[in-house]
Amino acid sequence: LELASGTGQHIVTLAKAIPNIQWQPTEVDHGRIASIQAYIDGADCNNINKPIFLDAAQSGWSSTLGPMNLVSLSNLLHLISEQEAETLIAETAATLLPGGRFFLYGPFKRSGKLISQGDNDFDTSIRASAPDTGYKDDQLVISQATNCGFALEQAIEMPANNLALVFGKVE
């Protein structure tokens, strides 16, 4: 399951890189669903389902999907509120099978601190238009995930000061 698939570029890349997984893209924006489908149609992949509408920040979606072995989320947490992020993490935990994986990618504060001027500028610009959004603290996200039944398996520094957090669902 890919949450918040955006334009569809990531899901096609994932499907090509990991062809033994049947992927389910989702998106909250109907216009982006059309874009995702266009990317799928242009790719030589038979392991991507038709994209579906899903607001991953709203309670209850886990009861309509799943169980899943893997959930991937890229570049969304900084665009939603703390409460919505908590909901997303809890719903992800509810849809994953024991032993399943949650891959979370994006910009984060590191132990409460922004690590570059570019991160500070970007976080400030996000919060200027939506004060309850912005970079989430990596340690807080890890704590929230742990409280939902996840164990952090890896934290990987990525290009452009991004971070990939890989969680396993505790059995």
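Since the model is a prediction, treat every value here as computed from it, not as a measurement.

Caption draft 1: Representation of the layout of surface pockets. Its boundaries defined by the atoms lining it, the largest pocket holds a volume of some 360 Å³. Lining the largest pocket are 20 residues; nearest its centre among them are A4, G6, E27, R32 and L76. Across the lining of the largest pocket, the residue classes break down as nine nonpolar, eight polar and three charged.

Caption draft 2: Molecular detail of the side chain of R110. Mapped onto the fold, R110 is located in the loop between β5 (96–109) and α4 (117–129). Residue R110 is classed as buried on the basis of its relative accessible area of 12%. Reaching out from R110, the side chain makes a polar contact with the backbone oxygen of F108 at a distance of 2.9 Å. Within polar-contact distance, the side chain of R110 engages the backbone oxygen of N161 at 3.2 Å. Those residues in contact with R110 that lie beyond four places of it in its chain are I115, D137, D138, E157, N161, N162 and L163.

Caption draft 3: The packing of helix α3 (residues 82–95) against helix α5 (residues 138–147), seen in detail. The N-to-C vectors of α3 and α5 enclose an angle of 40 degrees; their axes lie 9 Å apart at closest approach. Overall, the two elements α3 and α5 adopt an arrangement that is oblique. As for how α3 packs across α5, the hand of that crossing is right-handed. Facing α3, whose interface residues are E82, E86 and I89, α5 presents L140, V141, Q144 and A145. Considering only residue class, the contact of α3 with α5 consists of four nonpolar, one polar and two charged.

Caption draft 4: Structural context of empty space enclosed by the protein. Evaluation of the coordinates by the stated rule reveals one cavity of 30 Å³ or more. When its volume is computed, the largest cavity comes out at roughly 40 Å³. Surrounding the largest cavity, L73, S74, N75, L76, L77, H78, L104, Y105, G106, P107 and F108 form its lining. Counting only elements with at least two residues in the lining of the largest cavity, the list comes to β4 (68–74) and β5. Grouping the amino acids of the lining of the largest cavity by side-chain chemistry returns seven nonpolar, four polar and no charged.

Caption draft 5: Quick look at the nonpolar core. Formed by 28 residues in total, the largest nonpolar core has its most connected members in L3, F102 and L104. Every element with two or more residues in this core is listed here: β4, α3, β5, α5 and β8 (162–169). Discounting chain neighbours no more than four positions away, the residues touching L104 are L73, L77, V141, L163, A164, L165 and F167. Counting nine residues, the second largest nonpolar core, distinct from the first, contains W23, I40, C45 and I48.

So, how was this worked out
Residues numbered from 1 in each chain as written. Predicted model: local features only at pLDDT ≥ 70, side-chain atom pairs only at ≥ 80, totals over all residues. Heavy atoms only, no water. 1 Å grid on protein atoms, 1.4 Å probe; cavity = no way out; pocket = protein on both sides within 12 Å on 5 of 7 lines; lining within 4 Å. Points joined across faces, edges and corners; volume = space filled by probe spheres on them. Nonpolar A, V, L, I, M, F, W, Y, C, P; charged D, E, K, R; others polar. Helix = DSSP H or I, 4+ residues; strand = E, 2+ residues; numbered from the N terminus. Buried < 20%, exposed > 50% of the residue type's maximum accessible area, 1.4 Å probe, protein only. Polar contact = N/O pair within 3.5 Å; in protein donor to acceptor, adjacent residues only side chain to side chain. Contact = heavy atoms within 4.5 Å. Axes fitted to C-alpha atoms, helices over the stretch in contact; angles between N-to-C directions. Parallel < 35°, antiparallel > 145°, perpendicular 65-115°, else oblique. Left-handed = near helix turned anticlockwise from the far one by under 90°. Core = buried A, V, L, I, M, F, W, Y, C linked by side-chain atoms within 4.5 Å.

Keep in mind these numbers describe shape, not what the thing actually does.
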